[in-house]
Amino acid sequence: EDAFGPPCPRGRSAGLGRHWPDARGAVLGADFTVFINEEDHLRLVVRQEGLKAALGRALDLEALLLRSLEAQGARFAVHPLLGFLTVDPRHLGAALRCSATLLAPKLLE
């Protein structure tokens, strides 16, 4: 699935392309990218050295986005029992997925 193209057939069957290409976008920063309504409602990608620093930067961005939403009278969709609502039921609850890319130059020596 591509952030700038229509969803694949599996995504369309889940309703992901309902408003494509409207209501989608990306914000590019020096050390981050924010995808809006690409697959999930929001995806933050942070490029920074150090796992702790990268996680801190992602949490700072999330807090900034949340304050901006609240200032406009909006918020993330949350169910009292299920937690944060997402397109994929596997991500209900915290709706948080983390991954890291590690450079291991000595691995091939």
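Before any of the text, the structure's been laid out above.
So, here is what we can say about the structure in this document.

### Structural notes on the layout of surface pockets
Quantified by volume, the largest pocket comes out at close to 1700 Å³. Looking at the lining of the largest pocket, the elements that each hand over two or more residues are β3 (42-46) and α2 (51-71). Its residues assigned to classes, the lining of the largest pocket shows 23 nonpolar, 10 polar and seven charged.

### Brief notes about the packing of aromatic side chains
If you walk through the whole model with that rule in mind, you get one aromatic pair. Aromatic side chains F76 and F84 sit 6.4 Å apart centroid to centroid with 75 degrees between the ring planes, which places their arrangement in the edge-to-face category. Using a relative accessible area of 34% as the deciding quantity, one classes F84 as partly exposed.

What counts, and at which threshold
Residues numbered from 1 in each chain as written. Predicted model: local features only at pLDDT ≥ 70, side-chain atom pairs only at ≥ 80, totals over all residues. Heavy atoms only, no water. 1 Å grid on protein atoms, 1.4 Å probe; cavity = no way out; pocket = protein on both sides within 12 Å on 5 of 7 lines; lining within 4 Å. Points joined across faces, edges and corners; volume = space filled by probe spheres on them. Helix = DSSP H or I, 4+ residues; strand = E, 2+ residues; numbered from the N terminus. Nonpolar A, V, L, I, M, F, W, Y, C, P; charged D, E, K, R; others polar. Phe/Tyr/Trp six-rings, centres within 6.5 Å; stacked < 30°, edge-to-face > 60°. Buried < 20%, exposed > 50% of the residue type's maximum accessible area, 1.4 Å probe, protein only.

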